[in-house]
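# Report on the structure
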Amino acid sequence: MRAVLEITSEILHGHKRAIRAGQTLEVGRSSIVDFCVESDEQMSSRHFQLRTDTRGCYLEDFGSANGTTVNGEEVVAAVVLKDQDRICAGSTSFLIHLSGVDQSVTMAPVTPSASTKPAVAAMPRETNLKQLENEIFEWIGVVEAVAVEEIAKRLLSVGDGWSLLAVLDRSKHQPDSAVHHLEGRRLFQWLDEESTPETAPRVYQLDAKTLKSVVEQSWGKDAMVMAFWESEDEDPLPQLCRCAGAFARPSLIRANLAKCPPGPAKDMMLGLQAVLVESEDGERWSVYTVDDYSEVFGQMGVKVNSEIRNSDEVSAHPEVG
């Protein structure tokens, strides 16, 4: 079967996205979704999703602030779509075109997919900020409320020439074709190539296309550390290798940054603007920065709950792109 989602409202009228059986299509205002409607201020960053199988096409709302309707009916659970159904999300109207589906077949009620949890509707987009004793800023948030890919893409856009590096611990997870075409460099440089185990951590440079796939494969396995490097002229590998033991996996970088005194902690972050890792249970993310990124999170629509009492003592905001 094939599903085509078409915008019928004035802005972006006629824009379409198509999917086939077994595929999904995320719709929202964020640049990380598959069908971005950035101009619609009433739409949530991740608003709703279409998913398909051989029997049909289903719509699920992501717990959006303003809701989604199908033919005027509010979506409160997964909905089976029919050809020419009209969808409204935010202030944008859509029309669904379905082919290869027997509309005469009555389908059983749809079970929401694992990626759609009603609890998201009650989850505010927020992060808890505190400044560690070593003066490093720690930001913690819930993955279901603010997606990892969204944070990574926003951090990557803060400065010109920044690059995103992923340290993948291959003893915990073997990445598939998403990074096989990329050059993975050894984190433990004191070992030559022949002596380096196949499962040893390697460093990959990611872009927006590979980011989503790598996060889906590696998140929740204590297998990936994302580091944001500020210079396009300098090689980041020597800095990561110098502190290789800390960057090998999320649990190690969290422990090191939490316990290091100011000097070693800032030395560990030398040349890095941010480090993004998972929590112990994988349900939360942690971002570590040398500067105060409250403005960056604010521009994402994320509320900052700060435990820093005297804001005059924190570092200056970075220049925000």
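In this text the structure is predicted, and so the values were computed from the model without any measurement. Within each chain, residue numbers correspond to sequence positions counted from 1 in written order. Since the coordinates come from a predicted model, pLDDT governs what is reported: local features require at least 70, and pairs of side-chain atoms require 80 or more to be given and counted, while whole-chain, interface and lining totals use all residues. Heavy atoms from the whole structure form the basis of all side-chain values; hydrogens and water molecules are not counted.

Bringing the nonpolar core into the picture now. Here, nonpolar core refers to any group of buried Ala, Val, Leu, Ile, Met, Phe, Trp, Tyr and Cys residues whose side-chain atoms link them within 4.5 Å. Residue burial is assigned from relative accessible area. The probe radius is 1.4 Å, only protein chains are included, and a residue is buried under 20% of its type maximum, exposed over 50%, and partly exposed in between. Residues Met226, Phe228, Leu276, Trp285 and Val287 are the most contacted members of the largest nonpolar core, which totals 32 residues. The greatest single-element share of this core, amounting to 4 residues, is contributed by helix H1 (residues 148-156). What makes two residues a contact is simply this: any of their non-hydrogen atoms within 4.5 Å. Excluding anything up to four places from it in sequence, Phe228 contacts Ala152, Leu155, Leu156, Trp162, Ser163, Leu164, Gly271, Leu272, Gln273, Ala274 and Leu276. Counting 27 residues, the second-largest nonpolar core is a separate cluster that includes Leu165, Val167, Val225 and Val277. Under the DSSP-based scheme used, a helix requires at least four consecutive residues in state H or I and a strand at least two consecutive residues in state E, with every element numbered from the N terminus.

It is worth spelling out H1 at this point. Where burial is concerned, most of H1 is hidden: 7 out of the 9 residues are buried. Every buried residue of H1 is accounted for by Val148, Glu149, Glu150, Ile151, Ala152, Arg154 and Leu155.

Turning next to the sheet that holds strand E5 (residues 48-52). Here 5 strands make up an open sheet; going across it, the order is E4-E3-E5-E6-E9 and the pairing mixed. Looking at which strands have only one partner, the edges of the open sheet turn out to be strand E4 (35-36) and strand E9 (79-80). Two strands pair when backbone bridges link them, and strand E3 (residues 24-28) and E4 are joined in this way by 2 bridges, in the parallel orientation. Paired with Val27 across the bridge in E4 is Phe35. Here, any two strands with at least 2 DSSP bridges between them count as paired.

A word on the pattern of salt bridges. Side-chain pairing between opposite charges can occur once the charged atoms of the two side chains come close. When a carboxyl oxygen of Asp or Glu is within 4 Å of a side-chain nitrogen of Lys or Arg, the pair counts as a salt bridge. Taken as a whole and judged by the stated rule, the model has 9 salt bridges. A salt bridge links Asp85 to Lys82, with the nearest nitrogen and oxygen atoms 4.0 Å apart. Here Asp85 falls in the buried class, since its relative accessible area comes to 5%. For the salt bridge of Lys266 with Glu135, the shortest nitrogen-to-oxygen distance reads 2.8 Å.

The next point concerns the packing of aromatic side chains. The criterion for an aromatic pair is that two Phe, Tyr or Trp rings (for Trp, the six-membered ring) have centres within 6.5 Å, with stacked assigned to planes under 30 degrees apart, edge-to-face to planes over 60 apart and tilted to the rest. Counting across every chain of the model gives 5 aromatic pairs. Taking the centre distance of 6.1 Å and the plane angle of 70 degrees together, the rings of Phe35 and Phe94 count as edge-to-face. With Phe35 in strand E4 and Phe94 in strand E11 (residues 92-99), this pair connects stretches of sequence that are 59 residues apart. On the basis of relative accessible area, Phe35 is assigned to the buried category, the value being 1%. Of the aromatic side chains, those joined through ring pairs into one cluster are Phe137, Trp139, Trp285 and Phe297. The ring centre of Phe35 lies 4.6 Å from the NZ or CZ of Arg17, which sits over that ring. Lysine and arginine charges are scored as sitting over a ring when NZ or CZ, respectively, is within 6 Å of the ring centre and within 35 degrees of the ring normal.

Of note, the phi angle at Leu12 is positive, near 65 degrees, even though the residue is not glycine. Within the element layout of this structure, Leu12 appears in the loop between strand E1 (2-7) and strand E2 (16-20). Look at Leu12 and you get partly exposed, because its relative accessible area is 27%. Here Gln84, not a glycine, exhibits a phi torsion of approximately 75 degrees, which is positive.

Following the sequence through the fold, Pro124 ends up in the loop between E11 and strand E12 (126-131). The exposure class of Pro124 is partly exposed, given its relative accessible area of 47%.

Looking at the element boundaries, Ser286 is found in strand E19 (residues 284-289). Each residue touching Ser286, except ones within four places of it in the same chain, is listed here: Trp139, Ile140, Val275, Leu276 and Val277.

Turning our eyes to something else, we now look at the confidence of the model for the protein chain. pLDDT is defined as a per-residue confidence score from the predictor, taking values between 0 and 100. Averaged over all residues, the pLDDT of the protein chain equals 81, while 80% of them reach at least 70. Here residues 105-110 is modelled with pLDDT under 50, and outside its nearest four sequence neighbours on either side it reaches 9 contacts, counting other chains as well. With pLDDT under 50 throughout, residues 114-122 is counted as low confidence; its partners more than four residues away or in other chains account for 12 contacts.

Moving on, we come to helix H6 (residues 250-259). Inspection of H6 places Pro250, Ile253, Arg254 and Leu257 among the buried residues, and these make up the whole buried set. The buried residues of H6 occupy an angular sector of 100 degrees when projected down its axis, which confines them to one face. Elements that come into contact with the buried residues of H6 comprise strand E17 (224-229), helix H5 (244-247), helix H7 (262-268), strand E18 (272-278) and E19. The arc in question is the one spanned by the directions pointing from the helix axis to the C-beta atoms.

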